Amino acid sequence: MPQIQNLQINAERLWDTLMETAQIGATAKGGICRLTLTDLDRKVRDWFKARCEALGCTVSVDEVGNMFAHRPGKNQDLAPIAMGSHLDTQPTGGKFDGVLGVLGALEALRTLHDAGYETNAAIEVVNWTNEEGSRFAPAMLASGVFAGVFTPEFAHTRQDRDGKAFGEELARIGYKGAEKAGARKFSAMFELHIEQGPILEDEGRMIGVVQGVQGMRWYEITIAGQEAHTGATPMRLRKNALLGAARMIERIDAIAWEHAPDAVGAVGLLENKPNSRNVVPGEVFFTVDFRHPEDKVLDTMEAKLRASLAEILAPLRLAYSETRIWNSPPVKFAPELIECVRIGAEKAGFKWRKMISGAGHDAAYVARVAPTTMIFVPCAGGISHNEAESTSFDECTAGAQVLVQRG
Ligand code: HGY
Ligand code: MN
Ligand code: MN
């Protein structure tokens with residue numbers, strides 16, 4: 001049996017799987033729109049399950065749709081080593097966010113299978129449900145249930161903006177498993193992912209040896225004014241909810257700048273009602289995404305957000321409600337696994353650097369229940385959550401190669 005350090009992944013095969021699955025939800029601009037628990041998600045899940053079963057893996061599904069493809073190892077007493085990420089995308093997502101982590105892990109399985117290599121611990125390739133949080137908030141929902149952060153009931157009752165419930169959609173696509181989420185144990189979890197930022201490319205490095213993930217908080221805000229005729233209502237009598245939202249959006253940006261360069265903040269989702277040309281907007285719903293490596297700075301940003309709501313909206317005679325719907329604290333990954341990735345990158349001759357993840361990942365939650373770390377590869381211009389997201393053949397190969405050596 002060959003030594004694991006001599007195993008080489010089949011780079012063409014990996015690239016072909018990335019391009020093949022990119023057709024499931026392909027957009028005209030070259031990206032993917034494959035929202036969680038849609039028929040397109042079912043289609044890519046079915047594709048993934050069939051490829052894993054063709055390798056002799058058994059594929060299990062838990063109560064929130066997480067998929068686990070199990071390849072037995074020599075020592076049944078050892079908990080499996082997991083590797084994986086997510087197959088759901090943003091509405092204007094790219095070909096690599098999440099997908100590289102799942103298909104890189106599939107390629108690792110295929111490489112082991114071709115070599116007839118029997119690992120000591122079993123290997124499990126994982127597809128985590130609803131990592132993006134775009135359709136059902138918050139993000140990383142199903143890995144969060146797996147890690148005990150959320151209850152299955154909380155997940156099942158989350159609704160999308162059309163009022164559809166997570167649990168019903170999961171059952172509708174046939175991926176509401178019987179297995180209790182979190183019942184399954186891992187001895188380690190590795191997640192391969194694109195960096196989604198510009199640092200690796202800017203420094204000409206191939207591998208990010210990820211130390212952890214920054215803190216993330218999401219808020220939902222509804223501003224209530226009064227619908228009125230845009231022609232007959234004097235300016236002094238208006239209660240314009242969209243004006244209030246506009247001033248809040250400006251202030252939210254300013255709060256992030258006050259704590260930059262490590263802080264970031266954005267309003268990404270906004271619904272204006274009734275959204276008619278000649279009606280003064282009566283109600284606006286919008287979301288806030290704040291992130292920073294330190295919780296105490298996020299506390300300061302949160303306090304400023306709340307103070308700003310009262311300060312800005314009262315003079316406009318606007319009411320509001322604000323709820324923090326997600327708080328994912330900063331996470332540090334397992335030092336011994338970080339060292340594994342560093343050694344793997346060195347042995348493969350790749351330039352690497354240590355870094356913190358700006359984006360959230362399932363690994364952030366799995367790190368609560370198993371030793372976990374991540375492997376980053378560059379993406380062109382640091383662009384992600386964008387149909388133009390692009391990671392090269394060589395970069396995908398490098399990431400999967402480090403993964404197979406480490407897994
Ligand atoms: O929000 C995030 O950082 C992740 O892409 N879901
Ligand atoms: Mn991702
Ligand atoms: Mn993403």
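**A look at the nonpolar core**
Counting residues in hydrophobic clusters, the biggest one holds 94 residues, and the most contacted among them are Phe48, Phe186, Ile207 and Trp326. The dominant element in this core, judged by the number of residues it contributes, is helix H3 (residues 99-115), at nine residues. Once residues within four sequence positions are removed from consideration, Phe186 is found in contact with Phe68, Ala79, Pro80, Ala82, Glu124, Val126, Trp128, Phe146, Val366 and Ala370.

**Topic: the site of ligand 1**
Taken together, the residues surrounding ligand 1 are Glu131, Glu132, Ala139, Arg291, Ala359, Gly360 and His385. Between Glu132 and ligand 1, the recorded distance is 3.3 Å, taken from a side-chain N or O atom to an oxygen atom. Each residue belonging to the shell around ligand 1 can be placed in one class, and the counts come to two nonpolar, two polar and three charged.

**A look at the coordination of the manganese ion (ligand 3)**
Coordination of the manganese ion (ligand 3) by the protein comes from Asp97 (OD), Glu132 (OE), Glu132 (OE) and His385 (NE2), over a distance range of 2.1 to 2.5 Å. Ordering the donors of the manganese ion (ligand 3) by residue number gives the pattern D-x34-E-x252-H. Separating the manganese ion (ligand 3) from the manganese ion (ligand 2) is a gap of 3.4 Å, bridged by Asp97, which donates to each. With Glu132 in the loop between strand E4 (123-127) and helix H4 (141-146) and His385 in the loop between strand E16 (372-377) and helix H12 (393-406), this residue pair connects regions lying 253 residues apart in the sequence. Since its relative accessible area comes to 39%, His385 is described here as partly exposed.

The rules behind each value
Residues numbered from 1 in each chain as written. Chains lettered and ligands numbered in written order. Predicted model: local features only at pLDDT ≥ 70, side-chain atom pairs only at ≥ 80, totals over all residues. Heavy atoms only, no water. Core = buried A, V, L, I, M, F, W, Y, C linked by side-chain atoms within 4.5 Å. Buried < 20%, exposed > 50% of the residue type's maximum accessible area, 1.4 Å probe, protein only. Helix = DSSP H or I, 4+ residues; strand = E, 2+ residues; numbered from the N terminus. Contact = heavy atoms within 4.5 Å. Near = heavy atom within 4 Å. Polar contact = N/O pair within 3.5 Å; in protein donor to acceptor, adjacent residues only side chain to side chain. Nonpolar A, V, L, I, M, F, W, Y, C, P; charged D, E, K, R; others polar. Donors = N, O, S within 2.8 Å, 3.2 Å for Na, K, Ca; no water.

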